[in-house]
Amino acid sequence: MTAQSDTQMLETLQRSAFAYFVHETNRANGLVLDKTCEGWPASIAAVGLALTSYPVGVERGLLTRATAVERTLTTLRFFWNSPQGEQRDATGYKGFYYHFLDMTTGARAWQSELSTVDSALLLAGVLCAAVYFDRGVPDEREIRDLSERLYARVDWDWARNGGWAITHGWKPETGFLPFRWEGYDEALILYVLALGSPTHAVPPESYAAWVSTYSWTRIYDIDFLYAGPLFTHQLSHVWIDFHDIQDQFMREHGIDYFENSRRATRVQQQYTMRNPLDFAAYGEHCWGITASDGPGEVTRRIGGIERVFHDYLARGVPYGPDDGTIAPWAVVASLPFAPDVVLPTIEYFNQLRLAEAHRYGFKATFNPTFQDGQRHAHGWVSPFHFGLNQGPIVIMVENFRTGLVWRLMRECSYVVTGLARAGFTGGWLSR
């Protein structure tokens with residue numbers, strides 16, 4: 001492919017993914033639909049991604065600054081004014097928010113948990129908006145003011161529940177969940193924001209406790225900090241540029257988290273090229289195994305092999321679970337790390353026409369092994385789009401092309417403080 005055709009391909013991807021936030025947002029409160037399924041609730045993580053995508057949309061001419069300001073201000077006003085308390089139908093508590101909210105009322109949906117990591121993804125978008133909307137006009141001043149207040153209200157230290165590592169969350173019916181953020185995962189941005197708080201910061205020992213549970217691994221002669229699902233190597237990088245900055249763990253291993261994500265991307269491709277479980281279509285240009293939608297909880301005998309398929313699941317490599325389900329969005333989100341392997345893979349997905357006739361681009365996942373004989377020549381294709389998938393496409397394409405969101409977040413003093421308290425040095429932090 002030529003550089004021009006690459007650019008056109010990425011622009012199409014970005015524009016299609018951004019359309020999700022244009023059309024699947026409740027303009028009355030800023031809440032974003034988790035998934036394109038009738039009656040589905042909003043996801044607070046998707047809201048954080050929408051808030052981060054609006055500046056990209058402005059810079060790319062996909063919406064006006066005035067419209068972006070209106071959408072952002074509506075969202076921030078809703079989260080600031082919505083009920084916080086121990087009642088079961090509140091929107092949040094202690095500055096955190098429930099994972100899923102009713103699209104219309106904003107009340108807690110599905111008895112979901114008060115989610116620490118999803119609140120962090122929401123707050124990352126809030127802080128990004130505060131940096132971008134920097135003009136002296138009243139609406140943009142209000143965006144900055146509400147962003148400060150929303151972030152300052154979060155009681156990160158409470159979420160430790162007396163331990164060092166941060167808990168996954170809390171429910172009014174049963175209290176804190178029995179799990180803590182341990183092992184390398186998407187919680188990197190959670191710890192950075194919890195450390196950077198001006199009001200309720202966790203101590204540096206919390207970050208040290210998390211890092212102490214890391215697993216440094218060699219797979220296919222590649223040494224890296226292991227996490228199986230691809231999204232765990234991407235999500236924190238949506239906002240934070242980890243080029244050339246290192247905490248103590250990465251200094252000891254001679255790389256940074258950006259390089260680690262590059263290596264994880266290579267492991268993904270190597271796994272599908274080896275294809276140890278003999279799934280259909282796996283290969284050099286067909287990879288992307290992550291937390292994703294799937295064909296459903298069903299067992300089938302295919303080609304003499306009994307295959308167990310799953311619904312939404314945190315799939316990972318090389319240790320599984322893996323049922324042959326591929327997530328194109330996860331490939332796109334690896335673009336900044338390994339464009340030499342990502343761009344040809346996106347082109348392959350385009351050749352499969354996985355985005356054909358879909359206003360939001362690639363559907364969430366497909367599974368060439370699971371042939372249902374109905375919807376698609378290349379196996380089962382998810383009928384849905386997810387906000388959590390669309391956001392990384394918009395933002396990581398932009399970070400690859402211009403570094404916009406990374407530049408914005410470098411200007412966020414709370415992120416800089418959180419990284420410093422976690423022990424990060426070097427690179428742009430030293431400038």
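Residues numbered from 1 in each chain as written. Predicted model: local features only at pLDDT ≥ 70, side-chain atom pairs only at ≥ 80, totals over all residues. Heavy atoms only, no water.

## What about the overall build of the protein chain?
Our working rule: Secondary structure elements follow DSSP: runs of H or I of four or more residues count as helices, runs of E of two or more count as strands, with numbering from the N terminus. With the radius of gyration taken over C-alpha atoms, the globule rule is written as 2.2 Å times the number of residues to the power 0.38. Only protein chains enter the accessibility calculation, which uses a 1.4 Å probe; a residue is then buried when its area is under 20% of its type maximum, exposed when over 50%, and partly exposed in between. The method behind every accessible area is Shrake-Rupley, applied with a 1.4 Å probe, and residues are considered shielded solely by the protein chains displayed.
Within the protein chain, the secondary structure is distributed over 14 helices and 15 strands. Over its C-alpha trace the protein chain gives a radius of gyration of 21 Å, about what one expects of a compact globule, namely 22 Å for 431 residues. If one aligns the C-alpha atoms of the protein chain with their principal axes, the spans along those axes are about 60 × 50 × 45 Å. Here the protein chain holds 431 residues, and the buried ones make up 61% of them. Summed over all atoms, the accessible surface of the protein chain reaches about 16,000 Å², with 49% contributed by carbon and sulfur.

## Description of the sheet that holds strand β7 (residues 175-176)
For the record, the criterion: Two strands form a pair only when DSSP identifies at least two bridges running between them.
Read across the sheet, three strands follow the order β5-β6-β7 without closing on themselves; strand pairing throughout is antiparallel. Each of the sheet's edge strands pairs with one partner strand only, and the pair in question is β5 (114-115) and β7. Sheet topology places β5 next to strand β6 (residues 169-171); two bridges connect them, and they run antiparallel. If you follow Ser115 over to β6, its bridge partner there is Gly169.

## Digging into unusual backbone geometry
The omega torsion across Val317 and Pro318 is -5°, close enough to zero to call that bond cis. Relative to the helices and strands, Pro318 resides in the loop between β13 (313-314) and α10 (328-332). Across the junction of Gly320 and Pro321, the peptide omega takes the value 0°, indicating a cis bond.

## Points about the packing of aromatic side chains
Formally: Planes of paired rings set the category: under 30 degrees apart is stacked, over 60 is edge-to-face and the rest tilted, where pairs are Phe, Tyr or Trp rings (Trp by its six-membered ring) whose centres lie within 6.5 Å. Geometrically, a charge over a ring is one whose NZ (Lys) or CZ (Arg) sits within 6 Å of the ring centre while staying within 35 degrees of the ring normal.
Per the counting criterion, the structure on display carries 39 aromatic pairs. On the numbers, 4.8 Å between centres and 85° between planes, the contact of Trp40 with Trp110 is edge-to-face. Taken together, the residues Trp40 in the loop between α1 (3-23) and β1 (42-43) and Trp110 in the loop between β4 (100-101) and β5 connect sequence positions 70 residues apart. Taking the relative accessible area as the measure of exposure, Trp40 reaches 24% and is therefore partly exposed. Summarising the aromatic geometry, the rings of Trp210 and Tyr214 are spaced 5.2 Å apart at their centres and angled 80° between planes, so their arrangement reads as edge-to-face. What makes Tyr214 buried here is its relative accessible area of 11%. Feature note: the residues Tyr184, Tyr191, Tyr207, Trp210, Tyr214, Trp216, Phe242, Phe249, Tyr257 and Phe424 constitute an aromatic cluster, connected by ring pairs. Just above the ring of Tyr220 sits the side chain of Arg274; from NZ or CZ to the centre is 4.1 Å. A cation over a ring is seen here: Arg300 above Phe370, with NZ or CZ 4.0 Å from the ring centre.

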